[in-house]
Amino acid sequence: MIELNSIEPWFLQLIELYKKDANSVYNTWFANDNRLKYFRSIRKGVIKVIDEIKAGSFGNDFKGSSLESVLQSICEQKEVFQGASHAFIWKPKLRIPDIYENEENKRVFGAFLEACLQGQTESSLLNEVEKLANRRIKGLGPAVANILYFLHPTIFLPFNTAMVEGFNLLFQQKAKLGSWESYLFMREMVIQVNRAYSRELSKDLGMIAGLLFEVGTGEILPPISSGIVIKLDDEKIRKYQEKRSSSASIMKKEENAHQQQQYLLSKLGRALGYDVWIASNDHGKEYNGEKLGSHSLPVFPSLPYPQEVIDTAKLIDVIWFQKDTNKIEAVFEVESTTSIYSGILRMYDLSLSLGRRQVCYLVAPQEREKEILAQLRRPSFRELTDMKLRYLFFEDLCEHCDAMCKFGDDKEILHKIAKG
């Protein structure tokens, strides 16, 4: 068991194992800057949920709702958040979670999300959690913390089965998955440990949550010197290791496809006479042995907008600027397997923030066309008056990039292969 008021050498060793494992949640998710893209889009999604509840248009089912879109974006955060949506799926026979058909509970849930969205201090936010817990809304438990984490990552700890199991093992406790009391107790103990090991961990609670997840799945085990007795479910661990290895392989393949598309868009943009920006967090990544940053402007053009807007723009996968200016000509988000909804939302949000109608392209494999069309039918995207949205297929860009570089004069050449 971890002592809260002292530094345990074995726990330092455990953290080191977690950081060094190339396939750990730390390296595949937490230390990967791509996850930062999701915070703003999830926040925007939560605002949509609140607005729909206020307007009475939220509906009486999880499927197709704005809440489903938020949870889809959360579930995409690699294996650490897979299953986060299960607690919110409407189970008609059990009438849970009771925030769809019960209008009063729906309003309480919306008010809770709004208060947490606007809240700033730890005490005020925890007060809102206590108020919600005291309402005892049937089926609405601490899985909500997975949403709250993306609103306040230094205050709320994510919460799922593997994390609880990891916590119980390391702290020798008996926290329960569906209990608000267990969540608040677990959160308090974890924060104390997080502070004690602040040099090795992060203020962002996602880092230690990932460690709990890895311990809970049996992938990273406490050193023998910890004295913790572990009862291993060998079959369960074997299946997770297979899944983990497969996930790492798939992620590598996806990253390569993603970087290929960024490279091609950069190549095409420069051939057409534009300055090209590649997402700042991707400058150090490679395609065909070359750093993507070598195909991008080294410094993001100065824009007369709030820093928050500029920070968002810097993470867009590819932007074409008019040569030697800060005028945006086209915006591209590459979505190999990640959320189509989040990609559209990021571009839409940027277009709204800049105050002018941007030409935006979603770039995805052809097999995802049905997903793209389904998202474009959403009420929130049905009338994209603030953004000209088209989509491109990976396959078409690969096939026609060289020809467009040779025969194209400007961005209009994209109309030859663009859809929408």
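As the structure is a prediction and not an experimental result, all values here were calculated from the model.

**Thoughts on the overall build of the chain**
Phase 1: Secondary structure summary: the chain contains 16 helices and 7 strands in total.
Phase 2: Over its C-alpha atoms the chain spans a radius of gyration of 23 Å, differing by no more than 12% from the 22 Å that the globule rule assigns to 420 residues.
Phase 3: Principal-axis analysis of the C-alpha atoms gives the chain an extent of 70 × 50 × 40 Å.
Phase 4: The long-range fraction of contacts in the chain, counting pairs at least 24 apart against all pairs at least 6 apart in sequence, stands at 71%.
Phase 5: Counting only carbon and sulfur atoms, one obtains 50% of the accessible surface of the chain, whose full area is about 19,200 Å².

**With respect to the sheet that holds strand 6 (residues 358-364)**
Phase 1: With mixed pairing, 5 strands are arranged side by side in an open sheet as 1-4-5-6-7. Single-partner strands in this sheet number two, and they are strand 1 (275-278) and strand 7 (387-393). Strand-to-strand twist across the sheet, computed as the mean angle between neighbouring axes with direction ignored, equals 20 degrees.
Phase 2: Of the pairings in the sheet, the one linking strand 5 (residues 328-334) to strand 6 comprises 4 bridges and is parallel in character.

**Looking at the packing of aromatic side chains**
Phase 1: Summed over all chains, the structure comprises 25 aromatic pairs.
Phase 2: Plain terms: the ring middles of Phe39 and Phe150 are 5.0 Å apart, the flat faces sit at 50 degrees to each other, and that makes the pair tilted. Of this pair, Phe39 sits in helix 3 (residues 36-55) while Phe150 sits in helix 7 (residues 145-151), and the two are 111 residues apart along the sequence. A single burial state applies to Phe39 and to Phe150, both of which are buried.

**With respect to helix 10 (residues 206-217)**
Phase 1: Spanning 12 residues, helix 10 covers 16 Å between terminal C-alpha atoms, matching the ideal 16 Å at 1.5 Å per step.
Phase 2: Counting buried residues along helix 10, 12 of its 12 residues qualify, which places the element largely inside the surrounding structure.
Phase 3: Buried residues of helix 10: Gly206, Met207, Ile208, Ala209, Gly210, Leu211, Leu212, Phe213, Glu214, Val215, Gly216 and Thr217, and no others.
Phase 4: With its phi angle positive at about 85 degrees, Gly218 sits one or two positions after the end of helix 10.

**Things to note about the pairing of strand 4 (residues 318-321)**
Phase 1: Along strand 4, one buried face is formed by Val318 and Trp320 and the opposite face, lined by Ile319 and Phe321, is buried too.
Phase 2: Here 4 bridges tie strand 1 to strand 4, and the two strands are oriented antiparallel to one another. In the strand pairing of strand 4, Val276 is matched with Trp320.
Phase 3: In terms of strand pairing, strand 4 meets strand 5 through 4 bridges, oriented antiparallel. Counterpart to Val318 in the pairing with strand 5 is Phe332.

**Looking at the side chain of Asp98**
Phase 1: Mapped onto the elements, Asp98 comes out in the loop between helix 4 (66-75) and helix 5 (103-118).
Phase 2: Nearest to the buried, unbridged Asp98 among oppositely charged side chains is Arg95, at 6.7 Å.

**Section: unusual backbone geometry**
Phase 1: The linkage connecting Ile96 with the following residue, Pro97, adopts the cis geometry, with an omega of -15 degrees.
Phase 2: Assignment of secondary structure puts Pro97 in the loop between helix 4 and helix 5.
Phase 3: A positive phi is found at Arg95, a non-glycine position, where the angle reads about 55 degrees.
Phase 4: Structurally, the position occupied by Arg95 is in the loop between helix 4 and helix 5.
Phase 5: Positive phi outside glycine occurs at Asp324, with the angle close to 60 degrees.
Phase 6: Mapping Asp324 onto the fold places it in the loop between strand 4 and strand 5.
Phase 7: Among the residues examined, Asp324 registers a relative accessible area of 68% and is labelled exposed.

**As for the nonpolar core**
Phase 1: Core analysis: the biggest nonpolar cluster contains 82 residues, and Leu67 and Phe88 have the highest contact counts within it.
Phase 2: In terms of residue count, helix 9 (residues 180-196) provides more of this core than any other element does, 8 residues in total.
Phase 3: If we skip the residues at most four places from it in the chain, Leu67 touches Val49, Phe58, Phe62, Phe88, Ile99, Tyr100, Phe109 and Ile147.
Phase 4: One finds Tyr274, Ile278, Phe332 and Ile413 within the second-largest nonpolar core, a separate group that totals 28 residues.

**Structural notes on the environment of Phe407**
Phase 1: With respect to the element layout, Phe407 can be found in helix 16 (residues 394-407).
Phase 2: With 136 residues separating them along the chain, Phe407 and Ala271 place their C-alpha atoms 9.7 Å apart.

Thresholds applied
- Residues numbered from 1 in each chain as written.
- Predicted model: local features only at pLDDT ≥ 70, side-chain atom pairs only at ≥ 80, totals over all residues.
- Heavy atoms only, no water.
- Helix = DSSP H or I, 4+ residues; strand = E, 2+ residues; numbered from the N terminus.
- Rg over C-alpha atoms; globule rule 2.2 N^0.38 Å.
- Contact = heavy atoms within 4.5 Å.
- Areas by Shrake-Rupley, 256 points an atom, 1.4 Å probe, with all protein chains shown as cover.
- Pairing = 2+ DSSP bridges.
- Axes fitted to C-alpha atoms, helices over the stretch in contact; angles between N-to-C directions.
- Phe/Tyr/Trp six-rings, centres within 6.5 Å; stacked < 30°, edge-to-face > 60°.
- Buried < 20%, exposed > 50% of the residue type's maximum accessible area, 1.4 Å probe, protein only.
- Expected span 1.5 Å × (residues − 1).
- Lys, Arg positive; Asp, Glu negative; His and termini not counted.
- Salt bridge = Lys/Arg side-chain N within 4 Å of Asp/Glu carboxyl O.
- Core = buried A, V, L, I, M, F, W, Y, C linked by side-chain atoms within 4.5 Å.

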